[in-house]
Each structure stands twice: as C-alpha cells, then as structure tokens.
Amino acid sequence: MAFKVSYLLFLLVAKCIAKPNPEDNVPATTTEPTPTESFGNVWKLDVQGNYWLFWKTNATHITFETHVKTKGYVGFGLSSNGKMFPSDVVIGWVDSNGTAHFKDCHTEGHYAPIIDASQDWFLLLGKEDNFGTVLKFTRKLDTCDDNDYLITESTVKVIYSYHPDDPASFSSLPWHGAERRGAKSLMLLSSVKANEYVPPSDAEQFDMLHNNYEPVISPGNEAYVHHILVYNCPTATDADVGKVYECYRHRPRNLKCSDVVIAWAVGGVAFDFPSNAGFSFMTPGDPQYLVMETHFNNPTMKSGIVDSSGLRITATHTIRQHDAGILQAGAKVNKLQFVPPYEKDFLSRHSCSQQCLQEKEEIHILMFQALVTKQNSMKAFATLLHSHLLGTSIVARHIRGDVELEPLAQDLSYDFDYQDNRMFPKERKLNIINRMFTVFQNLELNTHHPLDSARGASKGAEFNIFLAHMKY
C-alpha cells in the first residue's frame, strides 16, 4: 500500500489567472438536451451523453424526466446495490403511433422485470423528439409498497438501460445489452446538483493545480486522487510560496495550517454556494496564503504516475451577505480508531463536547464567536460526509443541551466512490451558550469486513476515518 500526501503553498493575488472558458462547461460528446420545464437538478448518467436525468422534489414527491438517445424502450430504476436486482424500476417507450407505454416494475433476477400489483410511478409525459425518447414521471418519496424503493437523503444508486427497438409487450423485453446500461450514485434530495457547472456571468476563475471550487483531476488519475483539502495558512510567508512537501513527514515547522477552506473527495463535483453566502478573499483579515493538501492512494503500487490535479476556484466581485466557513467534526486519523478482527458490523461513535471544543479548538471558537456575536448563533447550510472504504453509513448527530435534535446529516447507504456536498433543505441554527457552541457532533460508522486482523487508522483508503465538513 502506498498512500502519499503532498502539499503545495499558494499566495493569493488580487488578479485571477484566467477567465472562465465556455468550452469547459460543454460535455465532450452529446450536448445537454432541453427539459420540458426547469428542474434544478440534472445529471449525465453515461460518459457518452446518451442518457440524461432531470429531477425535482418537494416534501412528499419526486418528479423525474429522462432524455435518452434511442427510439426504443427506456429503463430507469433505484437500487441499494447498483445491480439489476433487487431493484425498483420503470419501463417505458413511445410506439410508432406516438402512444406512450409505461409500467412500474421490480426485479428479482436476471430476467425481465415483474410488473407491480400496485402502480405507484405515474407517467406525466412520453414523447419522441430530435434527441430521442423523453419520459416524465412522478412518485411519492414513500409509496408504502414493499416493491418500491424508499427515497431518503441517503445515497441511492440510480440504474439505467435502453434499447434501440420498441418491444412487442412488457413481457417480451429484449435484453438491453452490456453497453446500454449502467449505475450512478446520487443524492436525490440534496438541492441543485449538476455534473456540468456553469459559473456566474461576472465570475473569474483561477486554478490551484498540484505542481503548477471545482475538481480538476488529471485524466487517467481518477483512481489515485483520493481527496483534496485547502487550508488557510496564516503563518506562511512569501518565502514559502510554491513549496511542495510530503505531509506527516517533512512539513515545515513554521507552517500552522489547520483552518479548512475547501474540502473535496472522490466522486464530488463543483459546489455552488447559496446566493447569500461565500468565502471571502482579498479583504482585511481574509486568508492571504493557502496550502493545498492532496491525498493520493496507490494500492497496487503502480509506478510512473505523474499528477497535476487540483481545484478551480470561481470568484465574483459581487459581495454576498454572509461570510462562510467550515467546521470539521468526527474522527480523524488516530491509532486508537480501529475495527476488531472478524467483525461483520461495527459501530463507532465519536463526540465533541463543550469542554473538548474549548480546550482543543480555541482558534476555531474565537473565529466562530467573532462571526456570531450579534446573533448568538451560526447557520449551517451544507455538509460533506467523508469516510474510507470500510464505511457503509454515517450519521452526524446534533445535541443542544440535553436534547437531541434532528440529525444534521445522515447517509445510511454511504458510497466511497461518491462523496459530494449535500445542501440542507433549510439552514440549521447552531447556538452559543456561555460563549461556547452547544453543538454535540456524533458520527456513526458501520463496517462490513470479515478480516483476519484488525483494521486500524491509517492514511490509506482501506483504513478508518470519518468526518463531517460542515459549511456555515
């Protein structure tokens, strides 16, 4: 196992390196089709751009619209494991007469889907256009049907398929083939998601690239770039700018860089702040030096890998109402954080008490107090849940005084390959009492691994760590 962490220090300058390039926001192959209405969420499910998914939600329902480059049948479903079965699926097509056919089904094996006795997915529109086939359909988040997938804030694996021809009937579906199917992890209830980011019209962008806030991963290195953190580094000087070094071994002693500004992990896409908040740069008291920490994971010990991955930061001169920051809670790398051998299920709890906050995070507490002195509170609006390969579920709990409130975030079907920011449905208020935060964070990690030796804390992806990067 080779797991390397490298740092690169930057000096913030007032002039950005480059303007946004419009070509950066155009898919490599098929251009995004036009939906029948504004959905707020869009995802290109396959690399070729042949299958696009649009969706929107409210308190009780979710509405999908698929645009698929085919004039045959279209399959769409929700799965707990990303495989064909067991899954909650719908099948639909538009025949030569313009009539739409659509059924709510489920799968039990490597054979045609079974039509549900209770039809809980409802077709709103079915048509063919210049792109292909368009199906628009809706369902309740909870249909109370054992054959339907319960949609929550947890990660769900969306499965999809399509075929060039219409079937004779639902009972005689031809196999879609190995090249016209796939699966993608998504958080359906997290606000405004898109894998093609379009910056504001007045924005400027500059790249923080290793060896030279949107991930810019070197092509071919997606499997090796594990995660990237950007810290404010107030003790740095001009002499430190441009230095590259290995963390945990050769970090310069003068660099005290602990305040996270940006956090990205594998599978994540560009994060767009809410319209009333953003990180402040280039004003008095703002970060002047940033250090980028890149974690590389190379389990096969492959040699000859050259990487220049980093992050693209989008800046606007339109000042937003509130300055934003990040609060980390959870279990960082620690030799005492390990899973005993042969454990099929293991629950790990970590908490941060008021006393812990006061003694261990004095710099953060002073910063938080400065932010919320007038209102005696701060407001959290998003979080990034981060764990390694052993994690299967994470819960960020919130306790005020002796009362446990609704979890700040939870993912009961965590996917290591899809670690993305999730927007809260509404801002969460975190209070200060007696000049301290009353936030009690408790993250839970379930693991499944029949190992013959204990798995301890390490920098490697197969070892344990779990954090909530809370944006406020």
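Rules and cut-offs
Residues numbered from 1 in each chain as written. Predicted model: local features only at pLDDT ≥ 70, side-chain atom pairs only at ≥ 80, totals over all residues. Heavy atoms only, no water. UniProt positions renumbered as here; feature names shortened; annotations may be inferred. Disulfide = S-S within 2.5 Å. Helix = DSSP H or I, 4+ residues; strand = E, 2+ residues; numbered from the N terminus. Buried < 20%, exposed > 50% of the residue type's maximum accessible area, 1.4 Å probe, protein only. Pairing = 2+ DSSP bridges. Axes fitted to C-alpha atoms, helices over the stretch in contact; angles between N-to-C directions. Contact = heavy atoms within 4.5 Å. Phe/Tyr/Trp six-rings, centres within 6.5 Å; stacked < 30°, edge-to-face > 60°. Core = buried A, V, L, I, M, F, W, Y, C linked by side-chain atoms within 4.5 Å.

Per an unreviewed UniProt entry, the protein chain is named DOMON domain-containing protein, and its organism is Mytilus edulis. For the record of the protein chain, the UniProt heading Sequence similarities (unreviewed entry) holds the text "Belongs to the copper type II ascorbate-dependent monooxygenase family."

1. Here we look at the state of the cysteines
Counted according to the given criterion, the structure contains one disulfide. There is a disulfide in this structure between C233 and C257, and the S-S distance comes to 1.9 Å. With C233 in the loop between β15 (225–232) and β16 (244–246) and C257 in the loop between β16 and β17 (259–265), the pair connects residues that are 24 residues apart, well separated along the chain. Overall, the relative accessible area of 0% leaves C233 in the buried class. Relative accessible area serves as the criterion here: at 7%, C257 is assigned to the buried category.

2. A closer look at the sheet that holds strand β9 (residues 122–128)
Backbone hydrogen bonds hold the strands of a sheet together, and the pairing may be parallel or antiparallel. Strand order in the open sheet formed by five strands is β2-β3-β4-β10-β9, with antiparallel pairing between adjacent strands. Looking along the sheet, the strands with just one partner apiece sit at the ends: β2 (41–44) and β9. Sheet twist, expressed as the mean angle between neighbouring strand axes with direction ignored, is 15°. When strand β3 (residues 51–57) meets strand β4 (residues 61–68), the two strands line up antiparallel, connected through seven bridges. Bridging across to β4, F54 finds its partner in E65.

3. Quick word on the side chain of T70
Along the polypeptide, T70 turns up in the loop between β4 and β5 (74–79). According to the relative accessible area criterion, T70 is buried, its value standing at 7%. Setting aside chain neighbours within four positions, we find T70 in contact with F131, G132, T133, Y162, H163 and P164.

4. Topic: the sheet that holds β5
Taken in spatial order, the six strands line up as β8-β7-β6-β5-β11-β12 in an open sheet, and their pairing is antiparallel. Two strands bound the open sheet, and with one partner strand each, they are β8 (114–115) and β12 (181–186). By the bridge criterion, six bridges tie strand β11 (residues 156–162) to β12 in an arrangement that is antiparallel. Residue pairing in the sheet places S161 in a bridge with R181 of β12.

5. Points about the packing of aromatic side chains
A full pass over the atoms with the stated rule returns 15 aromatic pairs. Note on F39 and F54: the rings are 6.2 Å apart at their centroids and 45° apart in plane angle, and the pair reads as tilted. In this pair, F39 is assigned in the loop between β1 (2–11) and β2 and F54 in strand β3, connecting sequence segments 15 residues apart. You'll find F39 and F54 in the same group, each marked buried. Ring geometry for F64 versus F137: centroids 5.7 Å apart, planes at 35°, classification tilted.

6. Some words on unusual backbone geometry
With an omega of -5°, the peptide bond running from F85 to P86 counts as cis. Mapped onto the elements of the fold, P86 is located in the loop between β5 and β6 (87–94). Even without a glycine there, the phi angle at C144 is positive, about 60°. Residue placement: C144 occurs in the loop between β10 (133–140) and β11. Exposure remark for C144: the relative accessible area of 70% places this residue in the exposed category. We note that M301 has phi near 60°; this positive angle belongs to a residue other than glycine.

7. Quick word on the nonpolar core
Grouped together as the largest cluster of nonpolar side chains are 28 residues, with contacts concentrated most on F64, F76, L78, L186 and L188. Counting only elements with at least two residues in this core, the list comes to β3, β4, β5, β10 and β11. Top element by residues in this core is β11. It accounts for four residues. In contact with L186, not counting residues within four places along its chain, are W43, L45, L53, W55, S154, T155, V156, V158 and Y418. Counting 21 residues, the second largest nonpolar core, distinct from the first, contains V230, W264, F296 and A382.

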